[in-house]
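One letter stands for each residue in the lines below.
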Amino acid sequence: MNWMDKLERKWGRHAVPNLSSYFVFATVIGYLVNMAAPGLMSFMSFSVDGILHGQIWRLVTWILMPAESLDILGIIFLLCVLSWGSSLENMLGTFRLNVFLWMGVIISDIGGIIVYMISRVVLGQGLSPFLSTYYILMTLLLALAMCMPEGQVRIWFVLPVKMKWFLVFELVYMGYQVVRIFGMTIADYGKTSLSFGIIAGFIFTAPMILAVLNMFLFFYFSKIHISRKHKKRQKEFRAQFREPRPGSGIAKHKCAVCGRTELTNPEMMFRYCSKCSGNREYCEEHLYSHVHVK
C-alpha cells in the first residue's frame with residue numbers, strides 16, 4: 001500500500017465528485033468577470049507581492065483567471081475537459097482526481113513563489129508568473145494517455161492516433177514551446193540583461209512546466225514502490241517457474257504424436273504448429289508429417 005492509498009482510506013470520504021467540472025465552471029466565471037469588470041480580476045490573479053501583504057486568497061483565486069479568450073476553440077476545449085475529467089475520475093477514482101487537481105494548484109503556488117524569490121535575488125525585484133488552470137486541465141488528457149496508452153484519440157476529431165503516441169507528441173511539443181519561449185526572451189532581453197531574459201523565460205513557461213511536473217509527480221507517488229531486496233525475490237520466484245528444476249523430471253517440450261520430450265531425446269528439436277488449434281508441439285520427425293488438428 002502506497003501513501004496515496006493511505007490518504008484515500010483516511011480522507012477519501014471528503015473527496016468532491018466531478019471536481020474537474022468545478023474547475024471548468026471557475027474558468028467560465030473568470031471569463032464572465034473579466035468581460036464585466038476587468039479591474040476586479042487584478043485582485044484575483046497570482047501575485048506574491050499581494051500575498052506577502054496579506055492577500056492570501058490569491059493562492060487560490062488565480063484558478064478563475066482565463067488563459068485565453070472565450071472563442072469557439074475555448075468552448076470546445078472546456079467541453080473536452082468535462083469529458084476528460086469524467087473518464088479520468090472513472091479510472092483513478094474521485095479521491096485521486098481531487099489529489100491530481102489540487103496538487104497541481106499547490107505545485108503551481110510553490111513554483112510561482114520560487115520564481116518570485118529567484119527574480120528578487122537575481123534582479124533585485126520580485127516578479128510573479130501568470131498562473132491559470134489551462135495547462136493543469138490540459139494534463140488531464142495526458143494523464144488519460146498514461147492510464148490507457150493503447151487507447152485512441154482523434155486529433156481534430158478526424159485523425160485516429162494511439163494515446164501513447166499523442167502523449168509523446170504533446171510532451172515534445174511542450175518542450176519545443178519552452179525552448180522557443182526561452183529563446184525569444186533571451187533574444188529580447190538578453191542584450192541588456194541575460195539574467196533578466198532567463199527569468200522572463202521561467203515566468204512565461206512556469207504554468208506549462210509546473211503542470212507537467214505535477215502530472216509526473218502524481219503518477220510517481222501513486223506507484224507502489226518495492227525495495228530492491230523484494231524485487232530480487234520476485235525475480236527469483238518467477239525464474240523458478242520459467243524453467244523446470246534440475247532433476248525434477250518435468251519436461252518443458254513434448255511431442256503431441258510420439259510423446260518424446262527433450263529429456264528422453266535431448267538431441268531433437270521441438271516446435272509448435274501454427275496450423276493446429278491449441279498449443280500443440282511436435283518433434284522434428286512429426287512436425288511436417290502430422291495431421292493438423294482443427
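Cut-offs used in this document
- Residues numbered from 1 in each chain as written.
- Predicted model: local features only at pLDDT ≥ 70, side-chain atom pairs only at ≥ 80, totals over all residues.
- Heavy atoms only, no water.
- Helix = DSSP H or I, 4+ residues; strand = E, 2+ residues; numbered from the N terminus.
- Buried < 20%, exposed > 50% of the residue type's maximum accessible area, 1.4 Å probe, protein only.
- Contact = heavy atoms within 4.5 Å.
- Areas by Shrake-Rupley, 256 points an atom, 1.4 Å probe, with all protein chains shown as cover.
- Core = buried A, V, L, I, M, F, W, Y, C linked by side-chain atoms within 4.5 Å.
- 1 Å grid on protein atoms, 1.4 Å probe; cavity = no way out; pocket = protein on both sides within 12 Å on 5 of 7 lines; lining within 4 Å.
- Points joined across faces, edges and corners; volume = space filled by probe spheres on them.
- Nonpolar A, V, L, I, M, F, W, Y, C, P; charged D, E, K, R; others polar.
- Axes fitted to C-alpha atoms, helices over the stretch in contact; angles between N-to-C directions.
- Parallel < 35°, antiparallel > 145°, perpendicular 65-115°, else oblique.
- Left-handed = near helix turned anticlockwise from the far one by under 90°.

**Q** Give a description of the overall build of the chain that names residues and reports values.
**A** Tallying secondary structure elements over the chain gives 11 helices and 4 strands in all. Expressed as a percentage of its 294 residues, the buried residues of the chain come to 38%. Relative to all contacts within the chain whose residues are 6 or more apart in sequence, the contacts with residues 24 or more apart total 60%. Here the chain has roughly 18,200 Å² of accessible surface; of this, 65% comes from carbon and sulfur atoms.

**Q** Can you break down the nonpolar core residue by residue, with the values?
**A** Ranked by internal contacts, the top residues of the largest apolar core, which has 56 residues, are Trp 62, Trp 84, Leu 101, Leu 140 and Phe 218. Only helix H2 (19-36), helix H4 (48-52), helix H6 (72-92), helix H7 (94-123), helix H8 (134-147), helix H9 (163-189) and helix H10 (194-222) provide two or more residues apiece to this core. If we ignore the near neighbours within four places in the chain, the residues touching Phe 218 are Met 4, Leu 92, Arg 96, Val 99, Phe 100 and Met 103. The next biggest cluster of nonpolar side chains, apart from the first, holds 8 residues, and it includes Cys 276, Tyr 282, Cys 283 and Leu 287.

**Q** Requested: an account of the layout of surface pockets, with residues and values cited.
**A** By volume, the second largest pocket is sized at about 150 Å³. The wall of the second largest pocket is formed by Gly 111, Ile 114, Val 115, Ile 118, Ile 199, Phe 202, Ala 206, Ile 209 and Leu 210. In terms of residue count, H10 provides more of the lining of the second largest pocket than any other element does, 5 residues in total. Here the residues of the lining of the second largest pocket sort into 8 nonpolar, 1 polar and no charged.

**Q** Tell me about the environment of Asn 265, and name the residues and values.
**A** Along the chain, the position of Asn 265 falls in the loop between helix H11 (228-242) and strand S3 (270-272). As for Asn 265 and Cys 283, which are separated by 18 residues in sequence, their C-alpha atoms are 9.6 Å apart. If sequence neighbours within four positions are ignored, Asn 265 has contacts with Arg 260 and Phe 270.

**Q** Provide a residue-level description of the packing of H7 against H10, including the pertinent values.
**A** Between H7 and H10, the shortest axis-to-axis distance is 8 Å and the interhelical angle comes to 150°. Between H7 and H10, the angle is such that the two are roughly antiparallel. In the packing of H7 onto H10, the handedness of the crossing is right-handed.

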